[in-house]
Every structure is written in structure tokens, then in C-alpha cells.
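Summary of structural features
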Amino acid sequence: MNRHATAAAVLAILAALLAGAAPAVERFALPQFKSGYVRPATEVPAPRADLYDWLDVSALAAALAAASYLAIRARSRRGLWWLAVMSLAYFGFWRGGCACAVGATQNVALALGGGGYAVPAAVALFFILPLAATLFFGRTFCAGVCPLGALQELVVVRPLRVPAWLEHSLGLLAYIYLGAAVLFAATGSAFVICEYDPFVSIFRLAPLGRPASTMNALGGSTGMLVLGAAFLAAGLFIGRPYCRWLCPYGAILRLLGRVSRWRVTITPEECIKCRLCEDACPFGAIRRPTGDWPRGERLIERRRLAVLLVIAAALLAAGAGLGWRLVGPMSRMHHTVRQADRVRLEETGQVEGTVDLSDAFYATHRPPAELYAEAAAVEASFARASPLFGAWVGLVLGAKLIQLSVRRTRTDYEPDRAACVSCGRCFAYCPIERERWKKASGGTNAS
Amino acid sequence: MSEPKKQLSRREMLRRGALGAGLAGVAGTAAVLAARTARSGTVWQLDPEKCIQCGNCAVNCVLDPSAVRVVHAFALCGYCDLCFGYFPPGFEPDDEFETPGAESQLCPTGAILRRWTEGPHFEYTIDEALCIGCGKCVKGCGAFGNGSLFLQVRHNRCLNCNECSIAAACPAGAYRRVPADHPYLLKGEDQKA
């Protein structure tokens, strides 16, 4: 009997070799069992129920409401700190960092990119809710809701002051990163924000609630773990480096925070310009009073603004041109383009041998022309999107130049609407605010 | 009191206008998104028809061992006594073997259990706790057998990362987001379930 089966197997091997790697179906007839043996069903354990997605959305809404209340009404640094701890525990360590407004930006871009992707409602809400909250209350999401922000918030030990020129230059990175993330997400190439999220590997170290699959620290994402540790180590001395200079979602929130209906103030009372708050802010987000600008300079300023507008337009055009030039390399972020490039090299005999990427295509038994056509379609979408990305980079640079040259009059020390993450550290450093607390607690006879 | 108010007015008006524009923008984005929204969530799954068993699933998952395991569509299985998902190629069986030692098995972790059913037929079940998702048995079964063994993302293990790190490393582009209410891409009859 065994010899017989061996012969059958050898024949089958020969048949398989002759047929190439044809999709395997029923080389061996399905046995009809007479002993009453019943074929077991294939087990299919269900994913986490949708219900939990809505739990996450509810937690997000509640945390946003709490953060806004604590930052604007209660003005409680301690409350915000505890909220950050809870958000870090829930969104970070419990949910493994993957119910995330920052990453949701890419799902939204992919859905709007027109590839037929339908964004899950819960993910869309993760993107929209913090934006809406920011329009009303400023960046309270960053204060105590975002787990990435919370993690960095809690490790600030001895913040150093970053020189203004460096702060301004590094701040541009976030906008450029946002543009790149949207470009690669909308074209269906990659979700770079998630791929290069430095903190997610730290969140997943926690075995909390995942007894079956504790992540091995030396597993596949060692590099990202090292990067995360480096960010945290830097975060001891530089307040929130990721939030300030890289976070792409933070870049959107900065823009919206500038025009928010309400915002965090250092004290609701009158500023005495003691500059104590400026030293209190680890994120360099408090702006000094400017005094009055001399009136005579108005004409010069206008001329300068006109020149800068022209420069900004030139930068925009140059960026678009550069984006156009980079269509080729950028489109190689897409799997289909990489595969087509490799297959083309092999088909034209420019390289010898195959790799997994090309083997995967040959296994489909499709004609290469079909793959080339698909790749061309992807490249066409990059040809549209890449110059837009370049123009965006130009626009960001130009807008920064203009912003730096426009003079604003400030009479008091104020948190910068864009840069302030509503952490509430400055409250306790303001002598006027302390005076106000004393009055309030004396009046109610409570602690 | 009216003096500072006047000073602020132009800047404040601009800000309010921008706030209105921002609100309209966010509401507009929400409205556009609403048309492209799925009520149910998505999960990652790999298409066994595209899979080439390169072994990336075993090493690229953020979990260790990977959330990808072998599943067995019993409805497709030939119940072969000489199974090339179980024995290494070129294996010469003894006449009276029952269960061979681990050194004679293809699976590096001995995760496939072999049990006699009747006549020349043997049942192969996966011990999922031992499986590491390397796909060696899938390759053997696909090349020489009915292809009833294949890899799947197991949703009791998968963390459902927004960007699956295996998907990013898959040379075959076999990974895609599927609706959470149909979370498997099974071969054979199980597809109907």
C-alpha cells in the first residue's frame, strides 16, 4: 500500500513539474470515508467586535471633552497630567497605539484618493473629532488625549531652550512629512506615518491584556524600538520632539489652532510681564510682548512683503517642478511599480535570476504587459500627485518666510496659538494666577 | 476699553473669518468622507491565491510568533498517507511507520499532527500554538498535493495595525484590508461559510 502511494506521489511530482507551478487543486481525489469519519470544519476565530471600535470613539470623545474642560475652564495642570496618564494607558498601552488620529490621516487620504477604499466610520471619526475640537478649544487633543503626546509629555525632565532659527526650521518638517504621508497614502503606496511611528513599538512591549502573544523585544521591529527609545531619551531634554517637529497631524492642528474660538491663556487676569511663564514652557510656545513697531517702517515692510510673495510663488513653482522630476523615484514606493520594474529588468535580460518580488508575479501566470499597464496607471497618478506635493513643500517654505517677516503687536506674554499644546504648565508659574487661586480658595474655604 | 477693541478688530475679524472657513472645511471633509465610509471596520487578510510562501509572514509581524498561521481546509484535503506538507521532499517512509520523529517532519516546530482515519488515509491537523507561519508545509502541499494547507491572518492574535508590517514586506502584494464581518479568505468550500 505504501509503495503504491509512493508511486502515486512520484507521478504527482512529475505531473507538477511538467505543469509548472500551476494552482494546485485536487491532484488527489477526495476520499469517501466509510467509517463515519467526519471532516472537521476550519476554525475561523472572529476579530475584535465592532463594538470595541465604538468604545474607542467614545473614549476619544470623552477624553477630548475632558482635556478641553481641564485646559480652558478648570485650568488644571494636575487634571491634564492625569488625563495624559489615562490616555497613554488606554490608547497607548491597551490599544497598542492603533486607534490613532495621527495615522487616521492616511486612511482619510486613501479614501479621498479615489482608489475605492471605504474608510471605517470609527477611523473617520478619529480623524474628524480632534480637528473639530481644535477649532473650538485649541490643541487640547495634544495636551492629554494623543498617546504619542502623552508619552512625551510625561518624560520631560529638564527641557533645554531650542534656538529660534532651529525651532522655525525643524517646524517645517512636520508639514513636509504631512504632504509626503498624504501623497503615499492617497496613491495606495504606503502608510509611512504608521511605518515610522517611533512610539508604537514601545506601546506594544506591554504584555498587558495580551497573554497569548507577548511581543518579543528583539522581534521584527527592533530598529523602531531603538528609534522610539532615542526619541524618549531626547525628550528628557527637548520637550516633545516628535510633536513639535514631525507630527503630521500636529501640523494640521497647528493651522486650525491659529483660529480657534477659545484657547488656553496663561492667566485670565492682566499680565504683569514678569516673563516667568516663558521659562516654564518646555516647548518654546510662549511669545514675548513686542512693544510698538515704529510707523515709519510700514512702507519698507510692504515692499518686503511684495518681494516675499513673489519669492513664495517662485518656490511653489520650483517645488512643483522638482516634484515632477521626482515622479520616478517616488512612484517606486508603490508595490506594483517596484514589481513591474523588476520584471521588466528580468524580461529584457538586464539582470539574471529572479527574486521573491518577480517570482510572485510569475506565479500568477499573467502576461507582463498587464503588469506594465497597471504600473503605468500608478505612475500616472504619481505624475498628478507628485508635483502637487512639491508645490506644497514650496508653499510651506514660502508661507514660513512671509510669516517670519510679518510683525505682530503683542502687549502681553501669550501662548502661541499654533505651538501651544495646552499642557497647562505655565499656570502655576504665573504670580497673578497664583494670586487668583488664593483668592478663589479663600472665598470658598476649600483646599 | 474701546481703544484696544478697535486695535484688535481687523486681526480678530480675519481670525473669525478663518475660523468660519476652518469649520466649513472640517464639516466639508466630514461630509465628503461620509459618502466614502464603511459602517464596519476592516481587518488584514492575505489572499492564499497570491501567496508564494516566501516566509516573510513568519518574521515581519509585530508579534512574535506571527499572527499568521497555517489553516487547513479539510474539505480539499486528499488525506494522503505520503503528505508533502508533512514529510520533507524525497522522504522514504518505512513500511510500518506510525508517527515519525520530529527530524523526519517538514514542519520546523512539529506543529502538524498526523492521525490515521481509515484505509490509506491520514488526517492532518495544525497545532496553532506551535505554528510560526513559515509556510513550508503550504509550499509542499501546494506543489505536490491539493493545496488544502494555506496561510491566514488569525484574528484572535492579530493586533490589526493600521499599516500591517507584513503587508508592507509581502513581495506578492497578497495582503489587503477586508471587511471585519468577512475576515478570512479561505480556500474551497469554507469560502461559503
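Being a predicted model, the structure only gives us computed values, none of them experimental.

Comments concerning the overall build of chain A
Within chain A one finds 20 helices and three strands. Expressed as a percentage of the 447 residues in chain A, the buried residues total 45%. Long-range contacts, defined as pairs at least 24 residues apart, comprise 81% of the intrachain contacts of chain A with a sequence gap of at least 6. Carbon and sulfur atoms provide 65% of the accessible area of chain A, an area that totals close to 22400 Å².

Here we look at a nonpolar patch on the surface
Among the surface-exposed residues, Val157(A), Leu160(A), Leu236(A) and Phe237(A) lie close enough to one another that they form a single nonpolar patch of about 370 Å² accessible area. Structurally, the position occupied by Val157(A) is in the loop between α7 (147-155) and α8 (164-186).

Digging into the interface of chain B and chain A
The partner chain A presents 80 residues to the 73 residues of chain B that form the contact. In this assembly, chain B and chain A are joined by 25 residue pairs in polar contact (both at pLDDT 80 or more). For the side of chain B that touches chain A, the element with the most residues is helix α1 (residues 2-35) of chain B, which contributes 11 residues. A per-class count over the side of chain B that touches chain A returns 39 nonpolar, 19 polar and 15 charged.

Regarding helix α5 (residues 121-137) of chain A
Residues and elements named next belong to chain A. Helix length check: α5 (17 residues) gives 24 Å between terminal C-alpha atoms against 24 Å at 1.5 Å per residue, within 8%. When we look at burial in α5, the residues that qualify are Ala121, Ala122, Ala124, Phe126, Phe127, Ile128, Pro130, Leu131, Ala133, Thr134 and Leu135. Just downstream of α5, Gly138 is the residue with a positive phi angle, here 80 degrees.

Structural notes on the nonpolar core
Membership of the largest hydrophobic core comes to 102 residues, with the highest contact counts inside it found for Phe127(A), Phe141(A), Phe199(A) and Tyr249(A). Looking at this core, the element that brings in the most residues is α8(A), giving 10 residues. Leaving out residues up to four positions away in the same chain, Phe199(A) has contacts with Leu148(A), Leu151(A), Gln152(A), Gly228(A), Phe231(A), Leu232(A) and Tyr242(A). Among the nonpolar cores identified, the runner-up in size contains 41 residues, and Ala67(B), Leu82(B), Phe84(B) and Ala111(B) belong to it.

Focus on the pattern of salt bridges
In the structure shown here, the tally under the stated rule is 26 salt bridges over all chains. Among the charged side chains, a salt-bridge network with shared partners connects Arg161(A), Arg275(A), Glu278(A), Asp279(A) and Arg288(A).

Quick word on the confidence of the model for chain A
Residues and elements named next belong to chain A. Here chain A shows a mean pLDDT of 87. Residues at 70 or above account for 89%. Low pLDDT (under 50) marks residues 13-24, which in the prediction has 12 contacts with non-local residues, meaning those over four places away or in another chain. Segment residues 207-220: pLDDT under 50, and 18 contacts once partners within four positions in sequence are set aside and those in other chains are kept.

Considerations on the environment of Arg139(A)
Residues and elements named next belong to chain A. If you trace the backbone, Arg139 turns up in the loop between α5 and α6 (140-144). A relative accessible area of 2% means that Arg139 is categorised as buried. Taking C-alpha positions, Arg139 is 22 Å from Arg408, a pair spaced 269 residues apart along the chain. What Arg139 contacts, discounting residues up to four positions off in sequence, is Thr134, Cys243, Gly250, Leu253, Arg254, Ala418, Ala419, Cys420, Val421 and Ser422.

Describing the packing of helix α4 (residues 101-112) of chain A against α8(A)
Residue and element names in this part refer to chain A. The N-to-C vectors of α4 and α8 enclose an angle of 50 degrees; their axes lie 7 Å apart at closest approach. In terms of orientation, α4 lies oblique with respect to α8. In this structure, α4 meets α8 at a crossing whose hand is right-handed. Every residue of α8 that contacts α4 at Thr105, Gln106, Ala109 and Leu110 is listed here: Leu178, Val182, Ala185 and Ala186.

The rules we used
Residues numbered from 1 in each chain as written. Chains lettered and ligands numbered in written order. Predicted model: local features only at pLDDT ≥ 70, side-chain atom pairs only at ≥ 80, totals over all residues. Heavy atoms only, no water. Helix = DSSP H or I, 4+ residues; strand = E, 2+ residues; numbered from the N terminus. Buried < 20%, exposed > 50% of the residue type's maximum accessible area, 1.4 Å probe, protein only. Contact = heavy atoms within 4.5 Å. Areas by Shrake-Rupley, 256 points an atom, 1.4 Å probe, with all protein chains shown as cover. Patch = residues over 30% accessible without salt bridge, like charges linked within 9 Å, V, L, I, M, F, W, Y side chains within 5 Å. Salt bridge = Lys/Arg side-chain N within 4 Å of Asp/Glu carboxyl O. Polar contact = N/O pair within 3.5 Å; in protein donor to acceptor, adjacent residues only side chain to side chain. Nonpolar A, V, L, I, M, F, W, Y, C, P; charged D, E, K, R; others polar. Expected span 1.5 Å × (residues − 1). Core = buried A, V, L, I, M, F, W, Y, C linked by side-chain atoms within 4.5 Å. pLDDT = per-residue confidence, 0-100. Axes fitted to C-alpha atoms, helices over the stretch in contact; angles between N-to-C directions. Parallel < 35°, antiparallel > 145°, perpendicular 65-115°, else oblique. Left-handed = near helix turned anticlockwise from the far one by under 90°.

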